[in-house]
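Observations on the model geometry
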Amino acid sequence: IVYEAAEECNEDWVAHNEPSEFLDESVVAIYKDGHAPEEALEELNRVELTEDMIGEQRAMQEQQRKKASEENRNIEAVHKKALEEDADQHGVEALNTNKRDRRTASDFQSEPNKRTKQ
């Protein structure tokens, strides 16, 4: 209410809510234009983000994430291709790349009991 009243009375006034040592207490200082401290001006000039601005920021972040993941995929593909070419030249082949865990559910459940007994 004080902020609105200060703006209605004089547009050159700057209202600033100063910190207090108590939670339920509030100190509002009103400065003339040009005499306000920097922290009051920073708070006054701080722009509240609108929903559109937040959406734009999220879109930009998502675009950057996609670009980074695409670059990582490209790098991985280049490394994989280089390894395959090197393996072809030297007759090397990767073994056991398609291993599968063949234990049953009961084996998984009994495994912690075996560890405690040892």
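Parameters and conventions
- Residues numbered from 1 in each chain as written.
- Predicted model: local features only at pLDDT ≥ 70, side-chain atom pairs only at ≥ 80, totals over all residues.
- Heavy atoms only, no water.
- Helix = DSSP H or I, 4+ residues; strand = E, 2+ residues; numbered from the N terminus.
- Buried < 20%, exposed > 50% of the residue type's maximum accessible area, 1.4 Å probe, protein only.
- Contact = heavy atoms within 4.5 Å.
- Core = buried A, V, L, I, M, F, W, Y, C linked by side-chain atoms within 4.5 Å.
- Patch = residues over 30% accessible without salt bridge, like charges linked within 9 Å, V, L, I, M, F, W, Y side chains within 5 Å.
- Areas by Shrake-Rupley, 256 points an atom, 1.4 Å probe, with all protein chains shown as cover.
- Salt bridge = Lys/Arg side-chain N within 4 Å of Asp/Glu carboxyl O.
- Lys, Arg positive; Asp, Glu negative; His and termini not counted.
- Charge placed at Lys NZ, Arg CZ, Asp CG, Glu CD.
- pLDDT = per-residue confidence, 0-100.
- Expected span 1.5 Å × (residues − 1).

**Some words on the overall build of the protein chain**
- In terms of regular secondary structure, the protein chain is built from four helices and two strands.
- For the protein chain, the α and β elements follow one another from N to C terminus as α-β-β-α-α-α.
- Counting over 118 residues, the protein chain shows a buried share of 8%.
- Looking at the protein chain alone, contacts between residues at least 24 apart form 18% of all its contacts between residues at least 6 apart.

**Section: the nonpolar core**
- In this structure, Val14, Ala29, Tyr31, Ala36 and Ala40 together form the largest nonpolar core, which totals five residues.
- Among residues more than four places away in sequence, those in contact with Ala29 are Val14, Ala15, His16 and Glu18.

**Some remarks on a nonpolar patch on the surface**
- Taken together, the side chains of Trp13, Val28 and Ile30 present a nonpolar region at the surface, about 240 Å² in accessible area.
- Tracing the backbone through its elements, the reader meets Val28 in strand β2 (residues 27-31).
- For Val28, a relative accessible area of 32% puts it in the partly exposed group.

**A short note on a negative patch on the surface**
- A surface patch of like charges, here negative, comprises Glu38, Glu39, Glu42 and Glu43.
- The residue Glu42 is located in helix α2 (residues 38-45) in this model.

**Some remarks on the pattern of salt bridges**
- Applying the stated criterion across every chain, the model contains one salt bridge.
- The shortest N-O distance in the salt bridge between Glu62 and Arg65 comes to 2.8 Å. Linking Glu62 with Arg65, this pair stays in helix α3 (residues 51-90), spanning three residues, or about one helical turn.

**Some thoughts on the confidence of the model for the protein chain**
- Averaged over the protein chain, the pLDDT score is 78; the fraction of residues at 70 or greater is 78%.
- Across the protein chain, element-level confidence peaks in α3 with a mean pLDDT of 88 and bottoms out in helix α1 (residues 2-9) with 62.

**Focus: the environment of Ala15**
- Tracing the sequence through the fold places Ala15 in strand β1 (residues 14-18).
- With relative accessibility at 16%, the residue Ala15 sits in the buried group.
- Put simply, Ala15 and Ala36 are 21 residues apart on the chain and 8.9 Å apart in space, counted from C-alpha to C-alpha.

**Digging into α3**
- The end-to-end C-alpha distance of α3, which contains 40 residues, comes to 58 Å, matching closely the 58 Å that a straight helix rising 1.5 Å per residue would cover.
- Positive phi appears at Gly91, one or two residues downstream of α3, with a value of about 70 degrees.

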